Amino acid sequence: MLRVSSSLHIPPTTGIPAHYFALSFLKITSPLTSTSRKLSAFTRLALLHSRSLLPNLGNIQFPSFKKVSTMLGQGHTCSKVITASYSAGSGPGGSSGGGREILVQHLLVKEDDQKLLLELLKRTVEGEDLSDLAVQYSLCPSKEEGGMLGWVRKGQMVPEFEEAAFGAPLNKVVKCKTKFGWHLLQVLSEREESVLEHIQPNEFHVKLQDPSFLEEAQLIDVREPEEVAQASLPGFQVLPLRQFGSWGPEITTKFDPQRDTYVLCHHGMRSLQVAKWLQTQGFRKVFNIAGGINEYAVKVDPSIPTY
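Residues numbered from 1 in each chain as written. Predicted model: local features only at pLDDT ≥ 70, side-chain atom pairs only at ≥ 80, totals over all residues. Heavy atoms only, no water.

Novice: Got a sec to walk through the overall build of the protein? Specific residues and values, please.
Specialist: Each helix and strand in the protein was counted, giving 13 helices and nine strands. Evaluated residue by residue, the protein yields a buried proportion of 55% over its 307 residues. In the protein, once contacts between residues fewer than 6 apart in sequence are set aside, the share between residues at least 24 apart is 72%. When the accessible surface of the protein is split by element, carbon and sulfur atoms take 49% of a total near 13400 Å². (Helix = DSSP H or I, 4+ residues; strand = E, 2+ residues; numbered from the N terminus. Buried < 20%, exposed > 50% of the residue type's maximum accessible area, 1.4 Å probe, protein only. Contact = heavy atoms within 4.5 Å. Areas by Shrake-Rupley, 256 points an atom, 1.4 Å probe, with all protein chains shown as cover.)

Structural data, given as structure tokens:
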């Protein structure tokens, strides 16, 4: 369970995809509080992953992401679908079990609108693209990106949706009912579940002493430039969260999803959320540096300033 500390520095973030949270309604049912509305966008994401609140995101503008063919690799094509994350809470290591992840798109209609549901199902059988129908008819915010829910794994969705999705044949449109209404869903691809691990500062320090580590690993610091100016570690590329809109869409071209990727922030919370997001973008093994640079300075290298 993630905690939001009053001393934790999490700057307001602009440009985070509003549809990043679309599937959250399938898992989170806690009512909104006035406190949740005061939190920054990425703090809200932290709360989302801790299964605590579903805040009002407001009118957040977001960039277009790489099409799903990028995530699938060469030999796969799928138009009009964009990657997104809808993680509603996994264990501390980021794994929810199940051993595989599936790439899902869907549309949602009202519970009492079965006539429309059957009509849309018939249209998919006749060859219409579910993503096109989602744009026109779906009640889910993901309609803006053709109903794309991105890569999901077990434990992230309500049981009815999860059972239907993980039992569906590839590319076949199936229906299921949840308390939110009727869904038509389609599994576009599947893969082995990606790994997210916490690494302690002392463990990371040992790795830094190996020259080959800096050549083979990818190191990302998600703090703001003014923070990095106060304290930093060698080898990290700075991707400030406030600039998510500029670097987010290009993450899979700037970094190799197949290489080990380490993420750093001040206290380890922002980096954890980015690490979870990197998983949804196809990164196979991601490490969150626990406690951030603050804990690294306290436990490993006192010469690094704390702030």
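Don't stop here, the text continues.
Novice: Can you lay out the pattern of salt bridges for me, pointing to particular residues and giving the numbers?
Specialist: If you walk through the whole model with that rule in mind, you get 10 salt bridges. Across the pair Asp 221 and Arg 223 runs a salt bridge, and its minimum N-O distance is 2.7 Å. This pair shows no difference in class: Asp 221 is buried, exactly as Arg 223 is. Across the pair Arg 270 and Glu 227 runs a salt bridge, and its minimum N-O distance is 3.0 Å. A residue pair is termed long-range when its members are at least 10 positions apart, and Arg 270 in helix H12 (residues 269–280) and Glu 227 in helix H9 (residues 225–230) qualify at 43 residues. Judged on exposure class, the residue Arg 270 and its partner Glu 227 are both buried. A cluster of three or more residues bridged by salt bridges with shared partners is formed by Glu 101, Arg 153 and Arg 191. (Salt bridge = Lys/Arg side-chain N within 4 Å of Asp/Glu carboxyl O.)

Novice: So what about the side chain of Gln 218? Which residues, and what values?
Specialist: Inspection of the secondary structure assignment puts Gln 218 in strand S6 (residues 218–221). In terms of polar contacts, Gln 218 uses its side chain to reach the backbone amide nitrogen of Asp 256, at 2.6 Å. In this structure the side chain of Gln 218 is engaged in a polar contact, spanning 2.8 Å, whose partner is the side chain of Thr 261. (Polar contact = N/O pair within 3.5 Å; in protein donor to acceptor, adjacent residues only side chain to side chain.)

Novice: Can you break down the sheet that holds strand S3 (residues 173–178) residue by residue, with the values?
Specialist: The strand order S2-S1-S4-S3 describes an open sheet built from four strands, whose pairing is antiparallel. For this open sheet the edge positions go to strand S2 (148–153) and S3, each flanked by a neighbour on one side alone. Ignoring strand direction, the axes of neighbouring strands in this sheet form an average angle of 40°. Sheet topology places strand S1 (residues 100–109) next to strand S4 (residues 181–192); 10 bridges connect them, and they run antiparallel. In the sheet register, Leu 108 faces S4, and the bridge partner there is His 183. (Pairing = 2+ DSSP bridges. Axes fitted to C-alpha atoms, helices over the stretch in contact; angles between N-to-C directions.)

Novice: Describe the pairing of S1, with residues and values.
Specialist: Among the 10 residues of S1, nine are classified as buried, and the element is accordingly described as predominantly covered. When S1 meets S2, the two strands line up antiparallel, connected through five bridges. Counted as the bridge partner of Val 104 is Gly 150 from S2.

Novice: Can you break down unusual backbone geometry residue by residue, with the values?
Specialist: Not every positive phi belongs to a glycine, and Asn 171 is a case in point at roughly 75°. The residue Asn 171 is located in the loop between helix H6 (159–167) and S3 in this model. The exposure class of Asn 171 is partly exposed, given its relative accessible area of 47%.

Novice: Can you tell me about the environment of Leu 118, naming the residues and giving the values?
Specialist: Secondary-structure assignment places Leu 118 in helix H4 (residues 114–125). Residue class for Leu 118 comes out partly exposed when judged on its relative accessible area of 44%. Considered as a pair, Leu 118 and Leu 184 are 66 residues apart in the sequence and their alpha carbons are 9.5 Å apart.

Novice: Can you explain the pairing of S4? Please cite residues and give values.
Specialist: The buried count for S4 comes to 10 of 12 residues, which makes it a mostly enclosed element. With six bridges joining them, S3 and S4 adopt antiparallel strand pairing. For Thr 178, the partnering residue across the bridge sits in S4 and is Gly 181. Hairpin remark: S3 followed by S4, antiparallel, with two residues in the connecting loop.

Novice: Lay out the nonpolar core with the relevant residues and their values.
Specialist: Residues Val 222, Trp 247, Ile 251, Val 263, Val 274 and Leu 278 are the most contacted members of the largest nonpolar core, which totals 18 residues. Counting residues per element, this core draws most heavily on H12, which supplies five residues. In this structure, Phe 204, Leu 233, Tyr 262 and Leu 264 belong to the second largest nonpolar core, which totals 17 residues. (Core = buried A, V, L, I, M, F, W, Y, C linked by side-chain atoms within 4.5 Å.)

Novice: Could you give an account of the confidence of the model for the protein, with specific residues and numbers?
Specialist: Scored by pLDDT, the protein has a mean of 76; 68% of the residues are at 70 or more. Between residues 27–98, whose pLDDT stays under 50, and residues either more than four places distant or in other chains, the model counts 187 contacts. (pLDDT = per-residue confidence, 0-100.)

Novice: Now, about a negative patch on the surface: what can you tell me, with residues and values included?
Specialist: Judged by side-chain charge, Glu 197, Asp 210, Glu 215, Glu 216 and Asp 260 come together as a negatively charged surface patch. Tracing the backbone through its elements, the reader meets Asp 210 in the loop between helix H7 (201–208) and helix H8 (211–216). Judged by relative accessible area, which is 36%, Asp 210 ranks as partly exposed. (Patch = residues over 30% accessible without salt bridge, like charges linked within 9 Å, V, L, I, M, F, W, Y side chains within 5 Å. Lys, Arg positive; Asp, Glu negative; His and termini not counted. Charge placed at Lys NZ, Arg CZ, Asp CG, Glu CD.)

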